Amino acid sequence: MQRTEICDLFAHPKDFSDIQLTLAGWLRTLRHSKSIGFLELSDGSCFDTLQVVCNENTLPDFKKLMKLGSGSAIIVRGTLTLTPDARQPFELQATKIEIEGTSPSDYPLQKKHHSLEYLREIAHLRPRTNTLSAVFRIRSAAAFAIHHFFHDRGFYYIHTPIITSSDAEGAGEMFRLTTLDFSDPPHTKNGAVDFSRDFFGLPVSLTVSGQLEGECMAMAMGKTYTFGPTFRAEDSNTARHAAEFWMVEPEIAFADLNDDRQLAQDMMQSVLRAVMNECPKELDFLNQYIDKDLITRLTHVVNAEFSCIDYTEAVSLLEKNNDHFTYPVSWGIDLQTEHERFLTEEICKGPVFVVNYPKAIKAFYMRQNDDGKTVAAMDMLVPGIGEIIGGSQREEREDILRARMRELGMQSANYQWYLDLRRFGSAKHSGFGLGFERLIMYLTGIKNIRDVLPFPRTAGNARF
Ligand code: 4AD
Ligand code: MG
């Protein structure tokens, strides 16, 4: 079917005026008197809707059409009239409307305010709302902007596995995957489940990060990034954790922590700029209904230099405010969301990198600093969210990495390939992981991760 999309009308209205057009979409609202009716049509191509004017004298089946329910799918033919003095810049004078699919009166999205919590219960329909469609359009624009940024800088886009036998973060928060019969698995002589008889011949899980394989690729191709789904069986039921989320993980050879930090800042600013350029209407809407400071904040961050602070210094600043916190701060603790947010919102008043964390609270692969206590780690914290990026310089010295893995009780035999990178042409290298949903929360002002994923998977919820 040859049809025009609403986004084209808004982009070049004059090109379409006074010619016969066909549009297709879903009815948002309908109001009418005896002889004239106004339909608000959405086709999903952009944030805007089209006003369709129905006239009893020129539109066949006028009476029947005026009974259409919200949510109905229709195909409209008519001509576009520019209306420079009206609220909307043009309207379509309908000459024919075909009904593709009606929508009865129990359609759950009636013209009134629905809470985000209610909309989660109808995740299959919520992309039809202004808020969620704005979020998902921004999500699309941000994903594209990320690819664009790395492509422009000569990074290779690589694909790391989703099924893996290694725990990249060493935190044990993995979803097991098996084809063994749970009710009657094979056993070894000493009574353990015999994974040698499982599909892959060893225990496997869904990946928590593509980093380890990403390092292998970067140590051959120089600058790479992976961008894919990531899974964590974290038992935390919070507004910023999902069991299935997307992560962007660049990795750069011959780069130290400062290079890594610069890349993270450049990427963030580039993506923010691209989304502000591409989605002004979505951002205006979200600024009005979700977060009144959104545009001011994004505009500021696009041009600002991000702060950088040592973990040790951050702790001493936070300790002075311990009476604000549920969990008091002291050197050695992993910062909680409340501490991260205080640091970025109250102390730094903007995005901040915290660097050089204690080694005991960070993953095995991070490069040990000369003080023997800290590692070359960096987290980027942003207002409203806390941690949005986690990264580090990687331990490139084989003996130190082996010793650390031994200390942590890891089976180095399973990571021989990873250790090999340290034997054959080892070099300093660094990378980070950006939580894509946290980025979308930041870009939209949405406070719950469940509202930036089309079909969120969180503890206790895998519906749809
Ligand atoms: O800090 P994390 O655990 O770092 C890594 O996985 C490294 N291997 C990345 C790397 O260096 N290549 O996770 C990175 C980011 C976090 O900063 C956070 O934004 C996001 O991933 N993240 C989550 N997002 C949503 N739900 C969860 N459960 C998340 N866990 C981490
Ligand atoms: Mg982290």
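Keep in mind it's a predicted model, so treat the numbers as computed, not measured.

J.: Honestly, the packing of aromatic side chains in this entry has me stumped. Any pointers?
T.: By convention here, two paired aromatic rings are described through the distance between centres and the angle between planes. Under the criterion given, the structure shown has 19 aromatic pairs. Both rings, one in Phe 47 and one in Phe 285, keep their centres 5.1 Å apart while their planes meet at 50 degrees; by these two values the pair is tilted. On the criterion of sequence distance, the pair formed by Phe 47 in the loop between β2 (36-42) and β3 (50-55) and Phe 285 in helix α8 (residues 280-289) is long-range, its members being 238 residues apart. This pair shows no difference in class: Phe 47 is buried, exactly as Phe 285 is. Grouping aromatic residues by their ring pairs yields a cluster made of Phe 149, Phe 150, Phe 155, Tyr 157 and Tyr 225. The side chain of Lys 362 reaches across the aromatic face of Tyr 357, ending 4.2 Å from its centre. The ring of Tyr 418 is capped by Arg 422, whose NZ or CZ atom sits 4.1 Å from the centre of that ring.

J.: I keep staring at a nonpolar patch on the surface and nothing clicks. Help me out?
T.: Together, Ile 162, Ile 163, Phe 199, Phe 200 and Leu 202 line one region of the surface with nonpolar side chains, adding up to about 460 Å² of accessible area. When you line up the elements, Ile 162 lands in the loop between β6 (156-157) and β7 (163-164). Judged by its relative accessible area of 35%, Ile 162 falls in the partly exposed class.

J.: It is not clear to me how the sheet that holds β3 should be interpreted in this structure. Could you clarify?
T.: Spatially, β1-β2-β3-β5-β4 is the arrangement adopted by the five strands of the closed barrel, whose pairing is mixed. The average angle at which neighbouring strand axes cross in this sheet is 55 degrees, direction not considered. Two strands pair when backbone bridges link them, and strand β1 (residues 20-32) and β2 are joined in this way by six bridges, in the antiparallel orientation. Bridge pairing links Thr 29 to Glu 40 in β2.

J.: How should the packing of helix α5 (residues 130-152) against helix α14 (residues 436-444) be read in this particular structure?
T.: Between two packed helices, what matters for the description is the angle formed by their axes and the separation of those axes. The contact between α5 and α14 brings their axes to 10 Å, and the two run at 120 degrees. For the element pair α5 / α14, the angle class is oblique. Classified by chirality, the crossing of α14 by α5 is right-handed. Only Phe 436, Glu 437, Leu 439, Ile 440, Leu 443 and Thr 444 of α14 make contact with α5, whose side of the interface consists of Val 135, Ile 138, Arg 139, Ala 142, Ala 143 and Ile 146.

J.: Explain the environment of Arg 422 to me, please; I cannot follow it from the model alone.
T.: Mapped onto the fold, Arg 422 is located in helix α13 (residues 416-423). Separated by 36 residues in the primary sequence, Arg 422 and Gly 386 have C-alpha atoms spaced 33 Å apart. Each residue touching Arg 422, except ones within four places of it in the same chain, is listed here: Glu 215, Arg 394, Glu 395, Glu 396, Arg 397, Glu 398, Leu 401 and His 429.

J.: Got a minute to help me understand the side chain of Asp 48 in this structure?
T.: With respect to the helices, strands and loops of the structure, Asp 48 is situated in the loop between β2 and β3. Within the structure, the side chain of Asp 48 is placed 2.5 Å from the side chain of Lys 281, a separation counted as a polar contact. Residues in contact with Asp 48, not counting those within four places in the same chain, are Ile 6, Phe 10 and Lys 281.

J.: Help me understand empty space enclosed by the protein, please; the structure alone is not making it clear to me.
T.: Unfilled space is identified by rolling a water-sized probe across the atoms. Following the criterion strictly, the structure yields one cavity of 30 Å³ or more and no others. Reported here for the largest cavity is a volume of approximately 60 Å³. Forming the walls of the largest cavity are Glu 234, Ser 236, Asn 237, His 241, Ala 242, Ala 243, Arg 450, Thr 458 and Ala 459.

J.: Please explain the layout of surface pockets as it appears in this structure.
T.: By volume, the largest pocket is sized at about 1100 Å³. Lining the largest pocket we find 49 residues, and of these Glu 169, Arg 232, Glu 234, Lys 362 and Glu 387 sit closest to its centre. At the level of elements, β11 (244-253), α11 (337-347), β15 (386-393), β16 (429-435) and α14 are the ones that each hand at least two residues to the lining of the largest pocket. Counting residues per element, the lining of the largest pocket draws most heavily on β15, which supplies five residues. Class assignment of the residues belonging to the lining of the largest pocket gives a composition of 20 nonpolar, 13 polar and 16 charged. In this structure, the second largest pocket is lined by 32 residues; those nearest its centre are Arg 28, Arg 128, Thr 129, Asn 130 and Thr 131.

J.: Can you help me understand the site of ligand 1 in this one?
T.: Not every one of the 24 residues close to ligand 1 is listed here, only the nearest: Glu 169, Gln 211, Glu 234, Glu 249 and Glu 387. In the model, a nitrogen atom of ligand 1 is placed 3.0 Å from a nitrogen or oxygen of the Ser 209 side chain. Between a nitrogen atom of ligand 1 and a main-chain N or O atom of Ala 242, the distance comes to 2.9 Å. Isolated, ligand 1 exposes 620 Å² of accessible area, and the fraction of that covered by the protein chains is 94%. Among the detected pockets, ligand 1 sits in the largest pocket. Listed by contribution, the elements that provide at least two residues to the shell around ligand 1 are β11, β15 and β16. Per element, the largest residue contribution to the shell around ligand 1 is five residues, and it comes from β15.

J.: Honestly, unusual backbone geometry in this entry has me stumped. Any pointers?
T.: Apart from glycine, the bulk of residues carry a negative phi angle, and the bulk of peptide bonds sit in the trans form. Phi at Asp 18 is positive, roughly 65 degrees, even though this residue is not glycine. With respect to the helices and strands, Asp 18 occurs in the loop between α2 (13-16) and β1.

Thresholds, definitions, all that
- Residues numbered from 1 in each chain as written.
- Chains lettered and ligands numbered in written order.
- Predicted model: local features only at pLDDT ≥ 70, side-chain atom pairs only at ≥ 80, totals over all residues.
- Heavy atoms only, no water.
- Phe/Tyr/Trp six-rings, centres within 6.5 Å; stacked < 30°, edge-to-face > 60°.
- Helix = DSSP H or I, 4+ residues; strand = E, 2+ residues; numbered from the N terminus.
- Buried < 20%, exposed > 50% of the residue type's maximum accessible area, 1.4 Å probe, protein only.
- Lys NZ or Arg CZ within 6 Å of the ring centre and 35° of its normal.
- Patch = residues over 30% accessible without salt bridge, like charges linked within 9 Å, V, L, I, M, F, W, Y side chains within 5 Å.
- Areas by Shrake-Rupley, 256 points an atom, 1.4 Å probe, with all protein chains shown as cover.
- Salt bridge = Lys/Arg side-chain N within 4 Å of Asp/Glu carboxyl O.
- Pairing = 2+ DSSP bridges.
- Axes fitted to C-alpha atoms, helices over the stretch in contact; angles between N-to-C directions.
- Parallel < 35°, antiparallel > 145°, perpendicular 65-115°, else oblique.
- Left-handed = near helix turned anticlockwise from the far one by under 90°.
- Contact = heavy atoms within 4.5 Å.
- Polar contact = N/O pair within 3.5 Å; in protein donor to acceptor, adjacent residues only side chain to side chain.
- 1 Å grid on protein atoms, 1.4 Å probe; cavity = no way out; pocket = protein on both sides within 12 Å on 5 of 7 lines; lining within 4 Å.
- Points joined across faces, edges and corners; volume = space filled by probe spheres on them.
- Nonpolar A, V, L, I, M, F, W, Y, C, P; charged D, E, K, R; others polar.
- Near = heavy atom within 4 Å.
- Sits in = over half its atoms within 2 Å of the grid points.

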